[in-house]
Amino acid sequence: MKAGRPTPVPPRVRRSGVVRSRDLERMGLARPAVAALAASGKLQRVARGIYVPEGHQLTERHSLAVACTRVPHGIVCLLSALAFHGLGTQNPSEVWMAIAPSSRKPADGVPPLRIARFSGQALARGIEIHRSEGVRIRVYSVAKTVADCFKYRNKIGTDVAVEALRETLRTRRASVDELMRAAQACRVSRVMRPYLEALQ
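Each chain carries its own residue numbering, running from 1 in the written order of its sequence. Local features in this predicted model are restricted to residues of pLDDT 70 or higher, and side-chain atom pairs are both shown and tallied only at a pLDDT of 80 or more, whereas totals for entire chains, interfaces and linings draw on every residue. Values shown for side chains rest on all heavy atoms present in the structure; no hydrogens or waters enter the calculation.

**Q** It is not clear to me how the nonpolar core should be interpreted in this structure. Could you clarify?
**A** Buried together is how nonpolar side chains tend to be arranged in soluble globular proteins. What is meant by a nonpolar core is a set of buried Ala, Val, Leu, Ile, Met, Phe, Trp, Tyr and Cys residues, joined one to another through side-chain atoms within 4.5 Å. In this scheme, a residue with accessible area under 20% of its type's maximum is buried, one over 50% is exposed, and one in between is partly exposed, where area comes from a 1.4 Å probe on protein chains only. Membership of the largest hydrophobic core comes to 36 residues, with the highest contact counts inside it found for Cys 77, Leu 78, Phe 118, Phe 150, Leu 165, Leu 179 and Met 192. Sorting the residues of this core by element identifies helix H5 (78–85), strand E5 (95–99), helix H7 (142–151), helix H9 (158–171), helix H10 (176–185) and helix H11 (189–199) as the ones contributing at least two each. When neighbours within four sequence positions are excluded, Phe 118 is seen to be in contact with Cys 77, Ala 98, Ile 99, Ala 100, Pro 101, Leu 123, Tyr 140, Lys 144, Asp 148 and Tyr 152. If you look at the next biggest cluster of nonpolar residues, it comprises 21 residues, including Ile 50, Val 52, Ile 99 and Ile 137. Comment: elements are numbered from the N terminus, with helices defined as DSSP H or I runs of at least four residues and strands as E runs of at least two. Residue contacts are defined here by distance: any two heavy atoms, one from each residue, within 4.5 Å place the two residues in contact.

**Q** What's the story with the side chain of Lys 144 in this structure? I'm lost.
**A** Position of Lys 144 among the secondary structure elements: in helix H7. For Lys 144, a relative accessible area of 1% translates into the label buried.

**Q** Got a minute to help me understand unusual backbone geometry in this structure?
**A** Of all residues except glycine, most have a negative phi; of all peptide bonds, most are trans. Pro 111 follows Val 110 through a cis peptide bond whose omega is -5°. Topologically, Pro 111 is positioned in the loop between E5 and strand E6 (113–117). Here the phi dihedral of Glu 133 falls at roughly 55°; this positive angle occurs in a residue that is not glycine. Relative to the helices and strands, Glu 133 is located in the loop between strand E7 (127–132) and strand E8 (135–140). The residue Arg 172 is not glycine, and still its phi comes out positive at about 55°. The class of Arg 172 is exposed, set by a relative accessible area of 75%.

**Q** Please clarify how the pattern of salt bridges should be interpreted in this entry.
**A** Pairs can form between side chains of opposite charge once their charged atoms are near each other. Criterion for a salt bridge: a side-chain nitrogen of Lys or Arg within 4 Å of a carboxyl oxygen of Asp or Glu. Evaluation of the coordinates by the stated rule reveals six salt bridges. One salt bridge connects Arg 114 with Glu 94, and the closest N-O pair in it is separated by 3.5 Å. Of this pair, Arg 114 sits in strand E6 while Glu 94 sits in the loop between H5 and E5, and the two are 20 residues apart along the sequence. Since its relative accessible area comes to 33%, Arg 114 is described here as partly exposed. On the basis of relative accessible area, Glu 94 is assigned to the partly exposed category, the value being 26%. Linked by salt bridges that have partners in common, Arg 20, Asp 23 and Arg 26 make up one network.

Written out as structure tokens, the structure is:
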């Protein structure tokens, strides 16, 4: 590339959403080109090693999109999953993500993450796939999220778990059978059942 000539933005990059620098390299942009585009404002750095193209429209799920770009093997869980599904009154300042016990904990960055270690059926069950800002967002279903809240009630508060269960039943976002299957996967059916019976 000759000196003074602006770095062209590949069409694929212009159409992309939240992307990692390694993804930009796969699209044909070497690191010096990424740096040049960022310096010119054609790419905007939103987190370490993560960019959006100029004019990209941020959504209410932007922090989740960035978090899932940073941790593509993670699953949005607990308080962040409640907020995603519009259940309860939680508005966490961190993005809660579940990862496997053997997975390396992500480095500190933006947005701040709260990591929970899930394993077995508690990790694999009830994952939904959504897309936002060009990013695949993996998030636990409503029923699985409620069960997770009861499993982690000592960390997030029993009142939060009960509120999530009450709101789920009120809005019919999950059936009793779905809730109990999720509770069994998380091994909290004995804990959840009395609350479920009281709220029906």
